[in-house]
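# Report on the structure
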Amino acid sequence: MKKIISLLTLLSCGAIAFAQEPASSLQTEKQLADLDSVFIELYNNEEYVKASNTLDQALEIIKATRGEADSSYINTLVLQSRCYYRARRLAKAIDTAKRAIELYGNHISKEDRSYAVLHDNLSLFQSANGENKEALENGLLALAAFERLGINDNDMAYVLSHVAEYYYNNGKHPQAITTELRALNIIRSYHGERSQEYIDELNWLKRYYESNEEQKKADDLQERIDKLTEEVEAGYIDMPDENITFETVEDCNKYTREALRCCKYLFGHYMTAPQMIQAANVITKWSMTTDQVHIGLGEAEEKLAEASGFYISLYVAGCSEYALEEEKPDFSIEMYRYAYYRIIEWYAANREKDIIKENSFIEKLIKAAKKDKLNEILDKQYPTPTDEKQKIEYKF
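Residues numbered from 1 in each chain as written. Predicted model: local features only at pLDDT ≥ 70, side-chain atom pairs only at ≥ 80, totals over all residues. Heavy atoms only, no water.

## Some words on the overall build of the protein chain
The condition that has to hold: What counts as a helix is a DSSP run of H or I of at least four residues, what counts as a strand is a run of E of at least two, and both are numbered from the N terminus. When a residue's accessible area, from a 1.4 Å probe over protein chains only, is under 20% of the maximum for its type it is buried; when over 50% it is exposed; and in between it is partly exposed. Contacts were defined at the residue level, with two residues in contact if any of their heavy atoms lie within 4.5 Å. Each accessible area is a Shrake-Rupley result for a 1.4 Å probe, and residues are judged covered by the shown protein chains and nothing else.
A tally of regular secondary structure across the protein chain gives 19 helices and zero strands. Dimensions of the protein chain, computed from C-alpha atoms along their principal axes, come out at roughly 65 × 60 × 40 Å. Here the protein chain holds 396 residues, and 48% of them are scored as buried. In the protein chain, the share of contacts with a sequence separation of at least 24, taken over all contacts with a separation of at least 6, comes to 66%. For the protein chain, the exposed surface amounts to about 19800 Å²; the carbon and sulfur share of it is 47%.

## A closer look at unusual backbone geometry
You will see that Glu-46, though not glycine, has its phi angle at about 60 degrees, which is positive. Position of Glu-46 relative to the elements: it lies in the loop between helix H1 (26-44) and helix H2 (48-65). With relative accessibility at 56%, the residue Glu-46 sits in the exposed group. A positive phi angle, near 55 degrees, is found at Glu-327, a position not held by glycine. By relative accessible area, which is 69% here, Glu-327 ends up exposed.

## Quick notes on a negative patch on the surface
Note the threshold: Each patch is built from salt-bridge-free residues with over 30% relative accessible area, joining like charges within 9 Å and nonpolar side chains (Val, Leu, Ile, Met, Phe, Trp, Tyr) within 5 Å. Salt-bridge detection follows one rule: a side-chain nitrogen of Lys or Arg within 4 Å of a carboxyl oxygen of Asp or Glu. Only four residue types enter the charge count: Lys and Arg as positive, Asp and Glu as negative, with His and the chain ends excluded. Think of each charge as sitting on NZ of Lys, CZ of Arg, CG of Asp or CD of Glu.
There is a patch of like negative charges on the surface, built from Asp-219, Glu-223, Asp-226, Glu-230 and Glu-233. Relative to the assigned elements, Asp-219 resides in helix H10 (residues 215-233). The class of Asp-219 is partly exposed, set by a relative accessible area of 39%.

## Considering the packing of aromatic side chains
The geometry of an aromatic ring pair is captured by the separation of the ring centres together with the interplanar angle, meaning the angle of the planes. Note the following rule: Think of it this way: a Phe, Tyr or Trp ring, Trp meaning its six-membered ring, pairs with another when their centres are within 6.5 Å, and the plane angle makes it stacked under 30 degrees, edge-to-face over 60, tilted otherwise.
This structure, assessed with the given rule, holds 16 aromatic pairs. Here Tyr-311 and Trp-346 contribute two aromatic rings whose centre-to-centre distance is 6.3 Å and whose plane-to-plane angle is 80 degrees, an arrangement assigned as edge-to-face. Taken together, the residues Tyr-311 in helix H15 (residues 310-326) and Trp-346 in helix H16 (residues 333-352) connect sequence positions 35 residues apart. Accessibility classification places Tyr-311 together with Trp-346 in one group, the buried group. When the centroid spacing of 5.6 Å and the interplanar angle of 50 degrees are considered together, the rings of Tyr-322 and Tyr-338 count as tilted. Of this pair, Tyr-322 sits in helix H15 while Tyr-338 sits in helix H16, placing them 16 residues apart in sequence. Residue classification places Tyr-322 among the buried positions, given a relative accessible area of 10%.

## Some remarks on the environment of Glu-29
With respect to the helices and strands, Glu-29 occurs in helix H1. Taking the C-alpha atoms as reference, Glu-29 lies 36 Å from Tyr-382; in sequence the two are 353 residues apart.

## Here's the deal with the nonpolar core
Going by this rule: By nonpolar core we mean a set of buried residues, namely Ala, Val, Leu, Ile, Met, Phe, Trp, Tyr and Cys, connected to one another through side-chain atoms within 4.5 Å.
In terms of nonpolar packing, the biggest core is built from 59 residues, with Phe-125, Phe-146, Met-156 and Leu-202 touching the most fellow members. Apart from residues lying up to four places away in sequence, Phe-146 is in contact with Arg-113, Ala-116, Val-117, Ile-151, Asp-153, Asp-155, Met-156 and Val-159. Ranked by size, the runner-up nonpolar core spans 51 residues in total, among them Phe-267, Val-293, Phe-361 and Leu-365.

## Section: H16
The cut-off we apply is this: Residue count minus one, scaled by 1.5 Å, sets the expected span of a helix.
Spanning 20 residues, H16 covers 28 Å between terminal C-alpha atoms, matching the ideal 28 Å at 1.5 Å per step. The complete set of buried residues in H16 reads Met-335, Tyr-336, Ala-339, Tyr-340, Arg-342, Ile-343, Ile-344, Trp-346, Tyr-347 and Asn-350. Elements that come into contact with the buried residues of H16 comprise helix H12 (256-268), helix H13 (276-289), helix H14 (299-304), H15, helix H17 (360-370) and helix H18 (374-381). Positive phi appears at Asp-354, one or two residues downstream of H16, with a value of about 60 degrees.

## Observations regarding the packing of H16 against H17
Rules: Lines fitted to C-alpha atoms define the axes here, with helix axes fitted over just the stretch in contact, and angles between the N-to-C directions of these axes take values from 0 to 180 degrees. The labels follow the angle: roughly parallel below 35 degrees, roughly antiparallel above 145, roughly perpendicular from 65 to 115, and oblique for the rest. Residue polarity follows a fixed list, in which Ala, Val, Leu, Ile, Met, Phe, Trp, Tyr, Cys and Pro are nonpolar, Asp, Glu, Lys and Arg are charged, and the others, Gly among them, are polar.
Where H16 meets H17, the axes come as close as 10 Å, and the angle between the chain directions of the two elements is 105 degrees. Here H16 is positioned roughly perpendicular relative to H17, judged by the angle of their axes. Mapping the contact onto sequence places Tyr-340, Ile-343, Ile-344, Tyr-347 and Arg-351 in H16 and Phe-361, Ile-362, Glu-363, Leu-365 and Ile-366 in H17. Per-class residue counts for the contact of H16 with H17 are eight nonpolar, no polar and two charged.

## Structural notes on the packing of helix H5 (residues 113-128) against helix H6 (residues 132-148)
The condition is simple: Left-handed describes a crossing in which the near helix is turned anticlockwise from the far one by less than a right angle; the clockwise case is right-handed.
At a minimum axis separation of 8 Å, H5 and H6 run at an interaxial angle of 160 degrees. Between H5 and H6, the crossing angle belongs to the class labelled roughly antiparallel. The way H5 lies across H6 gives a crossing that is left-handed. Counted together, Arg-113, Ala-116, Val-117, His-119, Asp-120, Leu-122, Ser-123, Gln-126 and Ser-127 of H5 and Asn-132, Glu-134, Ala-135, Asn-138, Gly-139, Leu-141, Ala-142, Ala-145 and Phe-146 of H6 form the full contact between these two elements. Across the contact of H5 with H6, the residue classes break down as eight nonpolar, seven polar and three charged.

So yeah, pure geometry; function would need other evidence.
Below, the structure written as structure tokens:
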């Protein structure tokens with residue numbers, strides 16, 4: 001199943017009651033908040049029919065209090081279409097998606113990114129329902145909009161991969177190959193060749209080569225897929241050489257994606273993985289020069305590093321990951337907590353496998369977490385420089 005591009009951060013925050021204007025009454029606001037909680041639980045539990053029933057109630061309330069032109073009504077329709085899609089009620093998913101597009105276009109915009117994404121989502125629903133011609137039409141509308149807006153990011157890669165599949169389903173195999181190659185170029189720049197995202201798309205390209213009777217290319221590609229799969233399973237990804245230097249902010253900006261990739265590698269692998277030291281060296285060097293993250297260091301971090309300096313690299317990686325994903329470079333308590341959450345999670349996984357030695361400082365944090373006092377401890381040890389000189393000294 002191809003990925004649905006997300007318009008909103010739906011399940012990590014309120015999914016229903018996200019209008020810019022407050023509800024007309026506190027009672028209405030509470031009703032929507034309650035429905036929101038129920039919906040998120042049902043959706044996370046994959047109870048999509050019940051989740052869609054919950055959204056029906058929300059839509060009635062929003063329509064009565066805010067009207068169909070309100071952004072919260074339209075966004076809830078988008079959620080509803082996805083619930084129908086997940087529940088395989090495809091005809092209803094398509095009708096609901098079309099209504100969301102109509103309202104969004106009439107009352108918000110026909111030119112922005114979200115309008116394009118709505119067409120991409122509709123195309124997925126149509127493709128799943130066997131409406132291949134219609135899926136291609138809407139997929140191409142989304143692609144044209146992304147191109148017009150100059151978007152060339154990860155979402156663009158998804159749109160391209162969707163359109164490639166629609167070309168394939170409509171028997172237009174050369175177009176499928178050309179479009180898939182465009183998607184792969186973007187995916188490689190974001191995830192690297194040694195990544196599951198890239199390998200998955202290579203398998204689609206192989207299918208398109210075969211359908212276009214280019215068996216030699218398909219066979220060669222299968223060898224490439226096998227090699228990359230073996231390397232990924234062995235714990236290798238694409239990352240800069242550990243001897244790389246970052247002299248300027250501009251140097252760092254060229255490797256932003258790779259820096260984030262190193263962060264995720266560190267927290268996503270055991271200490272025995274082959275590129276742990278390489279990833280640690282790269283992200284530490286990158287963080288020292290970049291302006292995309294500012295990291296505070298205090299007495300607690302000295303204790304953290306007593307057993308091994310590698311923990312400071314993990315701390316830097318946690319702060320950097322937060323800064324890059326949230327697009328918030330300034331050091332904050334939220335960044336600080338996030339870094340320690342990630343360290344504790346990684347430490348616990350490695351200790352469970354008896355891969356690393358016990359770290360008394362982290363063990364104390366784990367005990368605090370079990371007593372629901374972790375944030376209290378972290379807030380107390382949070383470095384709080386009071387003047388510019390200290391801020392510079394705290395910068396890792």
